[in-house]
Amino acid sequence: MNRNKGVTGPQGFRAAGIAAGIKQTGALDLALVVNDGPADAAAGVFTTNKVKAAPVLWSQQVVRSRRLTAVVLNSGGANACTGPEGFQDTHATAEKVAEVLGTGAVDVAVCSTGLIGERLPMGNVLAGVEAAAKELGSSQEAGLNAATAVMTTDKRPKQSWQDSGQGWSVGGFVKGAGMLAPNMATMLSVITTDAKVSGDQLDRALRTATGRTFDRLDVDGGTSTNDTVLVLASGASGVEPSFEDFVAVLTEVSADLVKQLQGDAEGVTKEISITVRQAATEAEAVHIGRTVAEDNLVKTALFGSDPNWGRIAMALGRADAEIDPDVLQILINGVSLYRNGTRDRDRSEADLSGREIEIVIDLNVGEAEATVLTTDLSHDYVEENSAYSS
């Protein structure tokens, strides 16, 4: 996996990231990704939150055609809960991109991230679109600038690229640090490929990949108003891979982006994986993993490097799933601390001093398995989120 390349890694794509003045800090805050073809297949998945930002409502509509020419993204404002005027702002942004690129507004997806409830400074946004169009390039630097321009509380840009070894590749970037939960996250991601893939196949592949990756990261239980993952296919390689091969590489890139999201989450000091094994169904395994991941008592214990397996047992016992405590086993960093209804080895044997923590929950009631990623609940997380809008 190559993290020096992103959306401009595959052939047929240009990108830019510029400072449009949306953020008062003067940081990069507007990104543009353009598919130069020859194909323009696209697909998207979006937040399940019932309170959806204007850009999500717009992009959901335009991507139904399974084609896109460009994606414009801004940080510094979510354009969520801004009423009809906010939707008009999104439409105007798409029209501006269409104007400068010589395409139609229905071929342009729009993404925004930042504080909820504030209108965007549209003069800056529209001027920024023109400036970004002039900066478009296919270099690694251009891709990195785009990845940087979507950052909010992120500490670093996050991108990934993978060569299939068959003449085509997949690349992408993602942003997100807080309000990260299943069913997407406060997260914007654009993924590109130069493989020849139809729009319908792209949609199936994206849903398969996100179901195994983006939807299994849960930092704080907050499902955002703006979550969006888009994938664009240029077909510039001329190679049409099998569906299985394409899904495999798309999933690899998605998983790497998700791992970077976990490592850059707000206030993170522990990167935690929760694997639920021998569950009745995969859905129940995911549900149990999420229940444990979102439990504040578990998260604070892990922040303190405390192998308090009792909190894990309590949390998983709340899940609406088939659970038998008399056959259950809980392991933390390879040490079995609870087995068959009672404690097993002494909790002091589990070393949680490092950054990586692996929790394994063996239900012993079936054959299904799933892994959910999460982080601890630290002082820094509380401080950062208590002062976010001020």
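Residues numbered from 1 in each chain as written. Predicted model: local features only at pLDDT ≥ 70, side-chain atom pairs only at ≥ 80, totals over all residues. Heavy atoms only, no water.

- An unreviewed UniProt entry annotates the protein chain as Arginine biosynthesis bifunctional protein ArgJ of Lentzea xinjiangensis.
- For the record of the protein chain, the UniProt heading Function (unreviewed entry) holds the text "Catalyzes two activities which are involved in the cyclic version of arginine biosynthesis: the synthesis of N-acetylglutamate from glutamate and acetyl-CoA as the acetyl donor, and of ornithine by transacetylation between N(2)-acetylornithine and glutamate."
- The protein chain has a UniProt comment under Sequence similarities (unreviewed entry) that states "Belongs to the ArgJ family." (UniProt positions renumbered as here; feature names shortened; annotations may be inferred.)

### Some details on the overall build of the protein chain
- Tallying secondary structure elements over the protein chain gives ten helices and 15 strands in all.
- In terms of C-alpha radius of gyration, the protein chain reaches 21 Å, essentially the compact-globule figure of 21 Å for 390 residues.
- Each principal axis of the C-alpha atoms in the protein chain carries an extent, and together these give about 70 × 50 × 35 Å.
- Considering the protein chain as a whole, with its 390 residues, one finds that 56% of them fall into the buried category.
- Intrachain contacts of the protein chain at a sequence separation of at least 6 include 79% that bridge at least 24 residues.
- Averaging the positions of the 33 positive and the 51 negative side-chain charges in the protein chain gives two centres separated by 1 Å. (Helix = DSSP H or I, 4+ residues; strand = E, 2+ residues; numbered from the N terminus. Rg over C-alpha atoms; globule rule 2.2 N^0.38 Å. Buried < 20%, exposed > 50% of the residue type's maximum accessible area, 1.4 Å probe, protein only. Contact = heavy atoms within 4.5 Å. Lys, Arg positive; Asp, Glu negative; His and termini not counted. Charge placed at Lys NZ, Arg CZ, Asp CG, Glu CD.)

### Observations regarding the sheet that holds strand S8 (residues 188–193)
- Strand order in the open sheet formed by five strands is S3-S9-S8-S7-S6, and the pairing between neighbours is mixed. The outermost strands of the open sheet, each flanked by one partner alone, are strand S3 (41–46) and strand S6 (158–163). Ignoring which end each strand starts from, the neighbouring axes of this sheet average 10 degrees apart.
- Where strand S7 (residues 169–175) meets S8, six bridges bridge the pair, whose relative direction is antiparallel. Bridge assignment links Gly171 to a residue of S8, and that residue is Thr192.
- Helix H5 (residues 199–212) rests against S3 and strand S9 (228–233) of the sheet, and its axis sits at about 35 degrees to S3. (Pairing = 2+ DSSP bridges. Axes fitted to C-alpha atoms, helices over the stretch in contact; angles between N-to-C directions.)

### Thoughts on the sheet that holds strand S5 (residues 108–113)
- The strand order S1-S2-S4-S5 describes an open sheet built from four strands, whose pairing is mixed. The open sheet terminates on both sides in strands that have one partner only, identified here as strand S1 (13–18) and S5. Adjacent strand axes in the sheet meet at a mean angle of 10 degrees, parallel and antiparallel pairs treated alike.
- As paired elements, strand S4 (residues 70–75) and S5 share six bridges and run parallel to each other. Bridge pairing in S5 places Val71 opposite Ala109.
- Sheet strands touched by helix H4 (residues 140–149): S1, strand S2 (30–35) and S4. Its angle to S1, the strand with the most contacts, is close to 50 degrees.

### Concerning the domain arrangement of the protein chain
- Split into domains, the protein chain comes out as domain 1 (13–263) and domain 2 (271–385).
- Averaged C-alpha coordinates put domain 1 and domain 2 at centres separated by 32 Å.
- Counting from both sides, the interface comprises 15 residues of domain 1 and, opposite them, 18 residues of domain 2.
- Both faces combined, the contact of domain 1 with domain 2 buries some 1400 Å², and carbon together with sulfur accounts for 42% of it. (Domains from an automatic or database assignment. Buried area = accessible area lost by both parts, 1.4 Å probe.)

### Describing the UniProt feature "binding site: substrate" (unreviewed entry) in the protein chain
- In the UniProt entry, the feature "binding site: substrate" (unreviewed entry) is given for Thr152, Lys175, Thr186, Glu266, Asn385 and Ser390.
- Counting through the fold element by element, Asn385 comes out in helix H10 (residues 379–386).

### Remarks on the environment of Ala283
- Following the sequence through the fold, Ala283 ends up in helix H7 (residues 282–293).
- Look at Ala283 and you get exposed, because its relative accessible area is 59%.
- Distance in space between the C-alpha atoms of Ala283 and Asp245 is 25 Å, their sequence separation being 38 residues.

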